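Working through the structure, step by step
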Amino acid sequence: MNAEQNDLITRVGPGTPCGALLRSYWQPAALVDEFNPALDPRMEKRPVKAVRLMGQDFVLFRDDKGMYGLLDRDCPHRGADLSFGRAEGDGLRCPFHGWKFDVAGRCLETPAEPAGSKLCDRVKQRSYPVQEKSGVIFAWLGPEGSIPPPLPAFDCFTAPATHSFAFKGLWNANWLQAFEVGIDPAHPSFLHRFLQDEALADIGDNAAGKQFRSASAGAIDGEQWPMTRIMREFAQPEISVDTKPWGMQLTTLRPMTDKLTHVRVTNAIFPATFVIPLSETMTITQMHVPVDDTHTYWYSFFTSFAGPLDKESMRAQRQQFISLPDYIPNAGRHNNWGFNADEQRTQTYLGMGEEDINVHDQWAVESMGPIQDRTREHLGSSDKVIMANRRVLIKAIATVQEGGFAPGIADASQSDLMRGPDTVDGIAPAGEWSTWWQEQARAKQANAPWAPSVRTEPVEGPATAPTLRPAQDRPSSARTVQE
């Protein structure tokens, strides 16, 4: 890859080709928890947050009716910072000259103007559609006056609040290298390798970062194996990529014996989301939203297909490693991500702790530099997912540049196909792994207390089917959706 291509697929600010593509999709703007006074006492009397997404500055606030508003941060009067505005219940008032705006960006007052002034009627601050879903406030930053696509009916958005939990963290690196680490099927055998195994009974679904210590589905001679043992002992996976309406389904096979194969099915949802198994009854859906070119927030949705989640426990465990209210990891380049040479020799392959594997991924992402220099790469056959995703990304950028349609979940006509997508991690009969994993997935869906029925697998189709009008030609939509 040359330097021009690397810039093309990593730069996301206003006016950039990749930025235009990413603005065709709903992006996480904040956790609902960030407006919870129990977690951030500042929110009790002033529910206002400065937000930066894709190199743009916004202010996000909640009015006294519980509606969220996302506005450009610079006041349309003379550009003062609205994130310092006065929260007055029905709107946000700029302290510079008292101009006041509601959640839709309408100007309510210009108090310094003469009586009878019509200036306020002619002023409107740019506002952006927002909606609350599964504990996250989503924003759509597409062209003004255009209709955003629906959020897909994925499991992470379908599960009730009792069975869903969301959290996030900040990484000091570009969005694409964060996503590429997550969708890489080969890295768990090394980056997340534990040198010894633990009793499986000691591992629970709420554990902050021990998913590779939990059991894989299935058994060998009646014995369940922890995933870390499988990843450690079978480190040369067979990787295949199948096109799906949402992006790519990734199948990773690790042949164990003539009769048994470990199969791990995950999904890459274009442009920046992956879905992986945490356990036999829980999945993680992780989205990567660019703050700017060199900072990224990951948002993880934990979805339970069994019992309700203990959210307080899950939050407390993660707060050991990530500090609120800005969700900044305690580990980073400033402290070598907690690297311990003795641990690397005796406990873990990386040497950066056993309790929080997020820091493993954080190191891989951040140690590449703020924006990875892909001109220095030497990709191998185990990188086929990375290469496939880059081809789709480059094609999608070109399509949008030419006035075409953003692929996958940006295409409202494809929304009926956006279900699941399901995952599995387990030991299957070698010759029957394909039907085995689908049976496992159907059983998990059928047993979920919130599932309306057993879903069938969506039919395969191209991830780039162009059926919508270009965004600039679509009619205006309602500004805020609350669920």
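See the structure shown above.
Notes on the structure follow. These numbers were taken from a predicted model, which means no experiment stands behind them.

1. Quick look at the nonpolar core
Of all hydrophobic cores here, the largest spans 88 residues; its most connected members are Leu21 and Phe301. The leading source of residues in this core is helix α10 (residues 384-401), at seven residues.

2. What to know about the sheet that holds strand β6 (residues 92-93)
Across the sheet, four strands lie side by side as β5-β6-β7-β8; this open sheet has antiparallel pairing. Edge strands, defined here as strands with exactly one partner in the open sheet, are β5 (86-87) and β8 (107-109). With two bridges connecting them, β5 and β6 associate as antiparallel partners. For arginine 86, the partnering residue across the bridge sits in β6 and is arginine 93.

3. So, the environment of threonine 252
The topology assignment puts threonine 252 in strand β15 (residues 247-255). For the pair threonine 252 and glutamate 238, spaced 14 residues apart in the sequence, the C-alpha separation amounts to 5.6 Å. Once residues lying within four places of it in the same chain are set aside, the contact partners of threonine 252 are Pro185, Pro237, Glu238, Ile239, His262, Val263 and Arg264.

4. What about helix α11 (residues 433-447)?
The first and last C-alpha atoms of α11 sit 21 Å apart over 15 residues, in line with the 21 Å expected at 1.5 Å per residue. Of all the residues in α11, the buried ones are Trp436, Trp437, Ala441, Lys444 and Gln445. Projected down its long axis, α11 shows its buried positions confined to an angular sector of 170°, all on one face. Its buried side turned inward, α11 meets α4 (155-158), β15, β16 (260-269), β18 (282-292) and β23 (424-429).

5. Here we look at the pairing of strand β10 (residues 130-133)
Here β10 pairs with strand β11 (residues 136-139) via four bridges, running antiparallel. By the bridge assignment, lysine 133 is partnered in β11 with valine 136. Hairpin remark: β10 followed by β11, antiparallel, with two residues in the connecting loop; positive phi at serine 134, about 55°.

6. Some points on the sheet that holds strand β3 (residues 56-62)
A sheet is described by the order of its strands in space; here four strands give the open sequence β2-β3-β4-β9, paired in antiparallel fashion. Edge positions in the sheet fall to β2 (48-53) and β9 (127-128), since each of these pairs with one other strand and no more. Relative to β3, β2 runs antiparallel, the two being bridged by six bridges. Bridge pairing in β3 places lysine 49 opposite leucine 60.

7. Observations concerning the pattern of salt bridges
Under the criterion given, the structure shown has 24 salt bridges. A salt bridge links arginine 42 to aspartate 40; the nearest nitrogen and oxygen atoms lie 2.9 Å apart. Arginine 42 sits in the exposed class, given a relative accessible area of 51%. We classify aspartate 40 as buried; its relative accessible area is 4%.

Scoring rules and cut-offs
- Residues numbered from 1 in each chain as written.
- Predicted model: local features only at pLDDT ≥ 70, side-chain atom pairs only at ≥ 80, totals over all residues.
- Heavy atoms only, no water.
- Core = buried A, V, L, I, M, F, W, Y, C linked by side-chain atoms within 4.5 Å.
- Buried < 20%, exposed > 50% of the residue type's maximum accessible area, 1.4 Å probe, protein only.
- Helix = DSSP H or I, 4+ residues; strand = E, 2+ residues; numbered from the N terminus.
- Pairing = 2+ DSSP bridges.
- Contact = heavy atoms within 4.5 Å.
- Expected span 1.5 Å × (residues − 1).
- Arc of directions from axis to C-beta.
- Salt bridge = Lys/Arg side-chain N within 4 Å of Asp/Glu carboxyl O.

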